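Geometric and topological summary
Take a look at the letters that make up each chain.
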Amino acid sequence: MKVQVSARDTEGRRTVLRETVFSSGDYEGLEPIVREFLRKAGGSVSSACLGVACPLEEGVCRFSNLEWEIIVDGLGERVGIPRVRIINDLEAAGYGVLELEPKDLVTLQKGVPSEGGPVALIGAGTGLGQGFLVRDQERYTVHASEGGHADFAATDPTQWRLRQYLRLRYGH
């Protein structure tokens, strides 16, 4: 798990002030990681937005690859940060995409850009993270999705046989 503290400069660009990588398997949950990061960094933090690799449902995040559960209610008090917001990791990546400049990008396949058009997010990790950005008046809004947890939708007999083979071999 990567933890960063960033700030905006006078021109509005975000700058990473401190970054630490933690091995998730060495911790019982997110809270000990946040507390350790704050202890090592010194000082205090008035607000935090944490991007986590799990869906947020009714104020609770349950990870598919860790035995962790994050209860959002009261999290700020438990870690010592007055204001805390939890968002999906791909949603966080979407906000990061909005910070990129042309020099930060590499073209994989040339196309015709659509100014103000939708932006797709795909991120390989413990699953296939998916999200998208759409223009809403003056700015983009970021939307996470748990599309990587979707089933393979067979559309013809060949795909159906492939689906049956994969299901028998790997389960869901």
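The model shown is predicted, which means the values in this text are computed figures rather than measured ones.

A word on the layout of surface pockets. There is about 870 Å³ of room inside the second largest pocket. The wall of the second largest pocket is formed by 26 residues, among which V97, L100, L105, P113 and V119 lie closest to the centre. The dominant element in the lining of the second largest pocket, judged by the number of residues it contributes, is strand β8 (residues 119-124), at 4 residues. Taken together, the residues of the lining of the second largest pocket sort by class into 16 nonpolar, 6 polar and 4 charged.

Taken as a whole and assessed by the stated rule, the structure comprises 2 aromatic pairs. Judged by centre distance (5.8 Å) and plane angle (80°), the rings of F22 and Y27 are edge-to-face. You can call F22 buried: its relative accessible area is 6%. Between F63 and W68, the aromatic rings sit 5.3 Å apart at their centres with planes inclined by 75°, giving edge-to-face as the arrangement. W68 matches F63 in its accessibility class, with the two residues each being buried.

Let us look at the sheet that holds strand β5 (residues 60-62). Spatial strand order, β4-β5-β6: 3 strands in an open sheet with antiparallel pairing. Only two strands of the sheet have a single neighbouring strand rather than two, namely β4 (56-57) and β6 (69-71). Bridge count for β4 against β5 is 2 bridges, and the pairing is antiparallel. In the strand pairing of β5, L56 is matched with C61.

What follows deals with the confidence of the model for the protein. When pLDDT is averaged across the protein, the result is 86; 95% of the residues are at 70 or more. Looking at the elements of the protein, mean pLDDT is at its lowest for strand β1 (residues 2-8), recorded as 68, and at its highest for helix α2 (residues 75-79), recorded as 94.

On the surface, F152, L162, Y165, L166 and Y170 cluster together to form a nonpolar patch covering roughly 510 Å² of accessible area. Structurally, L162 can be placed in helix α4 (residues 157-170). For L162, a relative accessible area of 41% corresponds to the partly exposed category.

This part is about the nonpolar core. In this structure, L30, V34, L50, V52, I70 and I86 are the most contacted members of the largest nonpolar core, which totals 20 residues. The residues touching V52, leaving out its near neighbours within four places in the chain, are L30, C61, F63, I70, I86, I87, N88 and D89. Formed by 5 residues, the second largest nonpolar core is a distinct cluster that contains L90, L121, L133 and V142.

Time to look at unusual backbone geometry. The phi torsion of most residues other than glycine is negative, and most of the peptide bonds are trans. A positive phi angle, near 55°, is found at E58, a position not held by glycine. Examined against the element boundaries, E58 turns out to sit in the loop between β4 and β5. Among the residues examined, E58 registers a relative accessible area of 85% and is labelled exposed.

How each quantity is defined
- Residues numbered from 1 in each chain as written.
- Predicted model: local features only at pLDDT ≥ 70, side-chain atom pairs only at ≥ 80, totals over all residues.
- Heavy atoms only, no water.
- 1 Å grid on protein atoms, 1.4 Å probe; cavity = no way out; pocket = protein on both sides within 12 Å on 5 of 7 lines; lining within 4 Å.
- Points joined across faces, edges and corners; volume = space filled by probe spheres on them.
- Helix = DSSP H or I, 4+ residues; strand = E, 2+ residues; numbered from the N terminus.
- Nonpolar A, V, L, I, M, F, W, Y, C, P; charged D, E, K, R; others polar.
- Phe/Tyr/Trp six-rings, centres within 6.5 Å; stacked < 30°, edge-to-face > 60°.
- Buried < 20%, exposed > 50% of the residue type's maximum accessible area, 1.4 Å probe, protein only.
- Pairing = 2+ DSSP bridges.
- pLDDT = per-residue confidence, 0-100.
- Patch = residues over 30% accessible without salt bridge, like charges linked within 9 Å, V, L, I, M, F, W, Y side chains within 5 Å.
- Areas by Shrake-Rupley, 256 points an atom, 1.4 Å probe, with all protein chains shown as cover.
- Salt bridge = Lys/Arg side-chain N within 4 Å of Asp/Glu carboxyl O.
- Core = buried A, V, L, I, M, F, W, Y, C linked by side-chain atoms within 4.5 Å.
- Contact = heavy atoms within 4.5 Å.

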